[in-house]
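An overview of the molecular structure
Listed below, chain by chain, are the residues.
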Amino acid sequence: LGLLLALATLMAVFMNALVFTVGTGIARYQDTLRQLGALAKAAGENSRATLAFKDVEGGRATLEALRVRDDIESARVIDAQGRVFVQIDLGGTRGHWQGMVGRLAVAMVDATLPVKLTVGESIQDEGRTIGRIELDVELHDLWLDLFESLAWMVLIAIVLSSLGVYFSWRLSRFITNPILELTDVSHQVSREQDYSLRATKSGNDEIGTLVDH
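The paragraphs below set out a description of the structure included in this document. Given the structure is predicted, the values throughout are model-derived calculations rather than measurements.

**Structural notes on the pattern of salt bridges**
Scanning the entire structure with this criterion turns up 10 salt bridges. Arg 34 is the salt-bridge partner of Asp 31, the closest N and O atoms lying 3.7 Å from each other. Of this pair, Asp 31 and Arg 34 both sit in helix H1 (residues 2–52), 3 residues apart, which is roughly one turn of the helix. The exposure class assigned to Asp 31 is partly exposed, which follows from its relative accessible area of 32%. By relative accessible area, Arg 34 is classed as exposed at 54%. One salt bridge in this structure joins Asp 79 and Arg 83, with 3.4 Å as the shortest N-O distance.

Right, dumping it as structure tokens:
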């Protein structure tokens with residue numbers, strides 16, 4: 001009974017954690033796309049004049065403002081002929097995911113989930129497309145944070161399952177053991193035909209009433 005209780009608790013918490021993680025992952029992915037799209041659109045608007053007047057330094061300064069987000073690896077402005085007008089490397093980051101565990105987690109993410117994303121917006125001038133801005137984004141931190149949450153939930157499930165086993169074992173001292181003792185006495189009476197044998201009464205509950213009879 002204790003093992004069944006522990007398994008049921010473990011499965012229930014794990015499934016809830018999995019559903020929560022998947023739902024949160026989809027929501028955060030879509031929210032990231034919306035934020036990056038809005039950021040690319042704003043940067044494109046700011047790059048319109050620099051592209052029209054071929055101001056490379058001004059375009060570079062505009063793209064430098066994108067360092068506000070750690071997940072953007074690089075950004076570039078492309079002119080109407082498809083040539084790169086200006087491009088900068090923003091570095092990106094993988095946050096605090098360092099060491100062997102971090103590298104293992106990153107490798108798992110790389111093997112199972114999309115970790116690179118390019119978000120682009122056209123640059124318009126009086127209804128005419130004069131270029132395009134593109135952002136190269138790294139999604140490691142997004143997925144790794146979700147995996148960390150899932151790991152914590154699994155740990156909580158294991159702890160709750162262990163508590164279930166412990167409390168079921170404690171419960172057996174008050175329910176199962178008296179019943180087993182009564183069963184042993186009944187078998188001994190039947191075997192030895194000694195009706196003077198009595199089971200030890202451990203309480204005034206239903207089991208105690210059964211012992212009295």
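**Some thoughts on the pairing of strand S4 (residues 128–138)**
A regular strand places its side chains so that they alternate between the two faces of the sheet. Among the 11 residues that make up S4, 8 are buried, leaving the element largely enclosed by the rest of the structure. With 7 bridges connecting them, strand S1 (residues 72–79) and S4 associate as antiparallel partners. In the strand pairing of S4, Ile 78 is matched with Arg 132. Two strands pair when backbone bridges link them, and strand S3 (residues 116–125) and S4 are joined in this way by 10 bridges, in the antiparallel orientation. Across the sheet, Glu 121 pairs through a bridge with Ile 133, a residue of S4. Between S3 and S4, which pair antiparallel in sequence order, lie 2 residues; one of them, Glu 126, sits at a positive phi of approximately 55°.

Each value, and the rule that gives it
Residues numbered from 1 in each chain as written. Predicted model: local features only at pLDDT ≥ 70, side-chain atom pairs only at ≥ 80, totals over all residues. Heavy atoms only, no water. Salt bridge = Lys/Arg side-chain N within 4 Å of Asp/Glu carboxyl O. Helix = DSSP H or I, 4+ residues; strand = E, 2+ residues; numbered from the N terminus. Buried < 20%, exposed > 50% of the residue type's maximum accessible area, 1.4 Å probe, protein only. Pairing = 2+ DSSP bridges.

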